[in-house]
Number of protein chains: 4
Amino acid sequence: MNTLDDRNTLESPPSPGDADKSPMLPDRNRQDLINRMRRLEGQVRGITKMIEDQRYCVDILLQVSAARAGLQKVGLSILENHTRGCVTTAIKENRGDEMVAELIDVLDRFMK
Amino acid sequence: MNTLDDRNTLESPPSPGDADKSPMLPDRNRQDLINRMRRLEGQVRGITKMIEDQRYCVDILLQVSAARAGLQKVGLSILENHTRGCVTTAIKENRGDEMVAELIDVLDRFMK
Amino acid sequence: MNTLDDRNTLESPPSPGDADKSPMLPDRNRQDLINRMRRLEGQVRGITKMIEDQRYCVDILLQVSAARAGLQKVGLSILENHTRGCVTTAIKENRGDEMVAELIDVLDRFMK
Amino acid sequence: MNTLDDRNTLESPPSPGDADKSPMLPDRNRQDLINRMRRLEGQVRGITKMIEDQRYCVDILLQVSAARAGLQKVGLSILENHTRGCVTTAIKENRGDEMVAELIDVLDRFMK
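Residues numbered from 1 in each chain as written. Chains lettered and ligands numbered in written order. Predicted model: local features only at pLDDT ≥ 70, side-chain atom pairs only at ≥ 80, totals over all residues. Heavy atoms only, no water.

Looking at this model, I keep getting lost on the overall build of chain A. Mind explaining?
Scanning chain A for helices and strands turns up 3 helices and 0 strands. The N-to-C order of helical and strand elements in chain A reads α-α-α. For chain A, the residues scored as buried account for 53% of the 112 residues in total. Taking all contacts inside chain A whose residues are at least 6 apart in sequence as the whole, residues at least 24 apart take part in 54%. Here chain A has roughly 5,200 Å² of accessible surface; of this, 48% comes from carbon and sulfur atoms. (Helix = DSSP H or I, 4+ residues; strand = E, 2+ residues; numbered from the N terminus. Buried < 20%, exposed > 50% of the residue type's maximum accessible area, 1.4 Å probe, protein only. Contact = heavy atoms within 4.5 Å. Areas by Shrake-Rupley, 256 points an atom, 1.4 Å probe, with all protein chains shown as cover.)

As structure tokens, then:
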């Protein structure tokens, strides 16, 4: 799964034909998401440390659940931004069909 | 949720009465879990960077799903070790009821 | 949660102002969904019978998992139809904001 | 997936060697589960009717989520009974290893 292509990075601005794949996160939302991800990074490191320190299994599991819930919230925010941004734009330009198919596909994975 | 109490840390070895809360991870399993958590830490950092770099939303969402799935696998391994270790010991010593109640409670959270 | 109001039933056709809440399922898809739901009804009745017949717990649990997965697939199909129908129409008529908020809210519940 | 074999039914009582696969639900719990399953059957039929009646997609999705949550609760109860019954018995008789492996396997499916 190579998602690390150079599509839509700051270095390679999207061409007009890629308009529906542009990053659509408003700056304020993006900074909020970055802050939440930083906290999640700390949480995940904390879980590693709990395992190293041989902490009680159930306490570790509760932290794993919390980290998963945090990731899900971040994912839902990205999903909302994506729908308000890329998907909305594509639909207005009558290019919505493929975008909706892609959205449902990612939802399917996300729900597992 | 303060799970960082001093119960069962290396510094404060469990008292005999806490026997059912002892860490039960065999060393080999623990090192495997630590390795998987380190990879997950990298994955989570990668997601933060994708958001900073304004990468395509769907690509980010796929990574978020992958990280959640990775955390679930780690959680399931811990759950297995916990059942083989703490829960099994408690049942053999006729102290299983409370442990099973705790196990079901953590499963309930974990499934959400 | 009373969802059994008379909004958009066959007996009370939607008023123009309710256009974004019209049922948007094409007939073919609707029949397919009904067929899948009928099979799910049978599956759920089968689980009840397994419990009555004191079948082995793990066998029952596997059927419960299968029924949940079936319901999720039906839900995903409805979600897809909703996005292609109601949400797309609302976006094209510049009434998309509220619809997307509602969509994200239902996704949030659906993922739990 | 044929789970409808005749293992452990009332008609064919388990042989001694199948002791760990005996139904372990106490009568009171079983009747409670049957009652909950009957309500779920009604809920699932209600969803079919909502689709037939062309009800609003989001209202249908909320009912689908509620039915899935109900199934999960039933599953968790069965899981608890199984752990208190079959798994506990197997562990006490030093036959726990295989039972725990089976339990983790069914949890893995159940969490998806």
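That covers the picture; the talk isn't over yet.
Before we go on, may I ask you to explain the interface of chain D and chain B in this structure?
Counting residues at the interface gives 19 residues for chain D and 19 residues for chain B. Here chain D and chain B share an interface that buries about 1,900 Å² over both sides, 72% of which is from carbon and sulfur atoms. On inspection of chain D and its partner chain B, the count reaches 2 salt bridges. With its nearest N and O atoms 3.8 Å apart, the salt bridge here joins Asp-97 of chain B to Arg-84 of chain D. Linking chain D to chain B there are 4 residue pairs in polar contact (both at pLDDT 80 or more). Contributing elements (two or more residues each) for the side of chain D that touches chain B: helix H2 (57-92) and helix H3 (96-110) of chain D. At 9 residues, H2 of chain D tops the list of elements feeding residues into the side of chain D that touches chain B. Grouping the amino acids of the side of chain D that touches chain B by side-chain chemistry returns 10 nonpolar, 4 polar and 5 charged. (Buried area = accessible area lost by both parts, 1.4 Å probe. Salt bridge = Lys/Arg side-chain N within 4 Å of Asp/Glu carboxyl O. Polar contact = N/O pair within 3.5 Å; in protein donor to acceptor, adjacent residues only side chain to side chain. Nonpolar A, V, L, I, M, F, W, Y, C, P; charged D, E, K, R; others polar.)

Help me out: how do you make sense of helix H1 (residues 27-52) of chain D in this one?
Residue pairs three or four apart in sequence face the same way in an α-helix, which turns once every 3.6 residues. The first and last C-alpha atoms of H1 of chain D sit 38 Å apart over 26 residues, in line with the 38 Å expected at 1.5 Å per residue. Of all the positions in H1 of chain D, only Arg-30, Leu-33, Ile-34, Met-37, Leu-40, Glu-41, Val-44, Ile-47, Thr-48, Met-50 and Ile-51 of chain D are classed as buried. Contact partners of the buried residues in H1 of chain D: helix H1 (27-52) and helix H2 (57-92) of chain C together with H2 of chain D. (Expected span 1.5 Å × (residues − 1).)

Would you mind going over the environment of Leu-62 of chain A with me for this structure?
Relative to the helices and strands, Leu-62 of chain A resides in helix H2 (residues 57-92). Of the residues examined, Leu-62 of chain A reaches a relative accessible area of 18% and is grouped as buried. Separated by 29 residues in the primary sequence, Leu-62 of chain A and Leu-33 of chain A have C-alpha atoms spaced 23 Å apart. Sequence-distant contacts of Leu-62 of chain A, defined by excluding residues within four places in its chain, comprise Val-106 and Arg-109 of chain B.

Sorry if this is basic, but what is going on with a positive patch on the surface here?
Together, Lys-73 of chain A, Lys-112 of chain B, Lys-112 of chain C together with Lys-73 of chain D make up a region of like positive charge exposed at the surface. One can find Lys-112 of chain C in the segment after helix H3 (96-110). Judged by relative accessible area, Lys-112 of chain C falls into the exposed class, the value being 54%. (Patch = residues over 30% accessible without salt bridge, like charges linked within 9 Å, V, L, I, M, F, W, Y side chains within 5 Å. Lys, Arg positive; Asp, Glu negative; His and termini not counted. Charge placed at Lys NZ, Arg CZ, Asp CG, Glu CD.)

What's the story with the packing of H2 of chain C against H3 of chain C in this structure? I'm lost.
Residue and element names in this part refer to chain C. The N-to-C vectors of H2 and H3 enclose an angle of 170°; their axes lie 10 Å apart at closest approach. One element, H2, and the other, H3, form an angle in the roughly antiparallel class. Between H2 and H3, the contacting residues are Leu-71, Gln-72, Gly-75, Leu-76, Leu-79, His-82, Thr-83, Cys-86, Val-87, Ala-90 and Ile-91 on the first element and Gly-96, Met-99, Val-100, Glu-102, Leu-103, Val-106, Leu-107 and Phe-110 on the second. Of the residues contributing to the contact of H2 with H3, the split by class is 13 nonpolar, 5 polar and 1 charged. (Axes fitted to C-alpha atoms, helices over the stretch in contact; angles between N-to-C directions. Parallel < 35°, antiparallel > 145°, perpendicular 65-115°, else oblique.)

Can you walk me through the packing of H1 of chain D against H2 of chain D in this structure?
Residue and element names in this part refer to chain D. Closest axis-to-axis distance for the H1/H2 pair is 10 Å, and the angle between their directions is 160°. Taken together, the axes of H1 and H2 lie roughly antiparallel to each other. Regarding H1 and H2, the two cross each other, and that crossing is left-handed. Residue composition of the contact of H1 with H2, by class: 13 nonpolar, 6 polar and 3 charged. (Left-handed = near helix turned anticlockwise from the far one by under 90°.)

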